[in-house]
Amino acid sequence: MQLYQRHQSCVFRFALSMGVGEQAAADVTQDVFITLLETAGRLNPRLGSFRAWLLGMARNLVLRVLERTSRQPLSVDAADLEMNESVSDPLSRPVVRAELEDVREAVSGLAHAHREVVVLSDLLGFSYEETAEILGCPIGTVRSRLHRAHGRLGELLDVPPARREVS
């Protein structure tokens, strides 16, 4: 029960941020923890962190949902609420909401591999090392994908090249 309480929101936010919709994100979260119960005795901590295993499992389930539904739009209502709570000036909230919608739309326009690294690194705050472990790829691949994703986001959001952040 403690594992679920500690990790379920991260799994849910990841699935939701990948664009599967709220109900599918809840289903993915439930399936991840059911699989955990079924395979708990077979988890090997030498193969990676527990959190990486959870999000790796969530990633696989999200990919299946996306393949099944061919759905690409990004729905980040939970992240939207968290970001809006940090805005201290209530008058700026409509501006923040409009900007968030633009970012959400731009992220949904990224290729899947680029969207994954943006969601894990930028939205969920995982380090490059953690992101590489979750995706099962080298850290250089994460850096490269993130760099390309940031460049593409800059194009989609019409940010001049001089103002784009370099990873």
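Reading guide: rules and limits
- Residues numbered from 1 in each chain as written.
- Predicted model: local features only at pLDDT ≥ 70, side-chain atom pairs only at ≥ 80, totals over all residues.
- Heavy atoms only, no water.
- Helix = DSSP H or I, 4+ residues; strand = E, 2+ residues; numbered from the N terminus.
- Contact = heavy atoms within 4.5 Å.
- Areas by Shrake-Rupley, 256 points an atom, 1.4 Å probe, with all protein chains shown as cover.
- 1 Å grid on protein atoms, 1.4 Å probe; cavity = no way out; pocket = protein on both sides within 12 Å on 5 of 7 lines; lining within 4 Å.
- Points joined across faces, edges and corners; volume = space filled by probe spheres on them.
- Nonpolar A, V, L, I, M, F, W, Y, C, P; charged D, E, K, R; others polar.
- Phe/Tyr/Trp six-rings, centres within 6.5 Å; stacked < 30°, edge-to-face > 60°.
- Buried < 20%, exposed > 50% of the residue type's maximum accessible area, 1.4 Å probe, protein only.
- Axes fitted to C-alpha atoms, helices over the stretch in contact; angles between N-to-C directions.
- Parallel < 35°, antiparallel > 145°, perpendicular 65-115°, else oblique.
- Left-handed = near helix turned anticlockwise from the far one by under 90°.
- Salt bridge = Lys/Arg side-chain N within 4 Å of Asp/Glu carboxyl O.

Draft legend 1. Spotlight on the overall build of the protein chain. Along its length, the protein chain carries 8 helices and 0 strands. Counting helices and strands in the order they occur from the N terminus, the protein chain gives α-α-α-α-α-α-α-α. Within the protein chain, counting contacts between residues at least 6 apart in sequence, those at least 24 apart form 64% of the total. Working note: accessible area of the protein chain is about 9800 Å², and carbon and sulfur atoms make up 53% of it.

Draft legend 2. Spotlight on the layout of surface pockets. Looking at the second largest pocket, its volume works out to about 210 Å³. Every residue lining the second largest pocket is counted, 13 residues in all, and those nearest its centre are Asn 44, Leu 47, Gly 48, Ser 49 and Trp 53. Mapped onto the lining of the second largest pocket, the elements with two or more residues apiece are helix H3 (50-69) and helix H7 (128-135). With 4 residues, H3 is the largest single contributor of residues to the lining of the second largest pocket. Grouping the constituent residues of the lining of the second largest pocket by class yields 7 nonpolar, 4 polar and 2 charged.

Draft legend 3. Structural context of the packing of aromatic side chains. Evaluation of the coordinates by the stated rule reveals 1 aromatic pair. Look at Tyr 4 and Phe 33: their rings are 4.9 Å apart centre to centre, the planes differ by 75°, and that puts the pair in the edge-to-face class. Placement of the pair is Tyr 4 in helix H1 (residues 2-17) and Phe 33 in helix H2 (residues 22-39), with a sequence separation of 29 residues. The partly exposed category is assigned to Tyr 4, whose relative accessible area is 36%.

Draft legend 4. The arrangement of the packing of H1 against H3 in detail. In the contact formed by H1 and H3, the axes pass within 10 Å of each other and the chain directions differ by 40°. Taken together, the axes of H1 and H3 lie oblique to each other. In this structure, H1 meets H3 at a crossing whose hand is right-handed. Touching Leu 3, His 7, Cys 10, Val 11, Phe 14 and Ala 15 of H1 are Phe 50, Leu 54, Leu 55, Ala 58, Arg 59 and Val 62, all from H3. For the contact of H1 with H3, the class distribution of residues is 10 nonpolar, 1 polar and 1 charged.

Draft legend 5. Local environment of the pattern of salt bridges. In this structure the tally under the stated criterion is 3 salt bridges. With a shortest N-O distance of 2.3 Å, Arg 51 and Glu 130 are connected by a salt bridge. Separated by 79 residues along the polypeptide, Arg 51 in helix H3 and Glu 130 in helix H7 bring together distant segments of the chain. Taking relative accessible area as the criterion, Arg 51 reaches 34% and is therefore assigned partly exposed. A relative accessible area of 27% means that Glu 130 is categorised as partly exposed. The salt bridge partner of Arg 152 is Glu 155, with a shortest N-O separation of 3.0 Å. Highlighted residues: Arg 152 and Glu 155, both in helix H8 (residues 139-156), separated by 3 residues, approximately one helical turn. Residue classification places Glu 155 among the partly exposed positions, given a relative accessible area of 47%.

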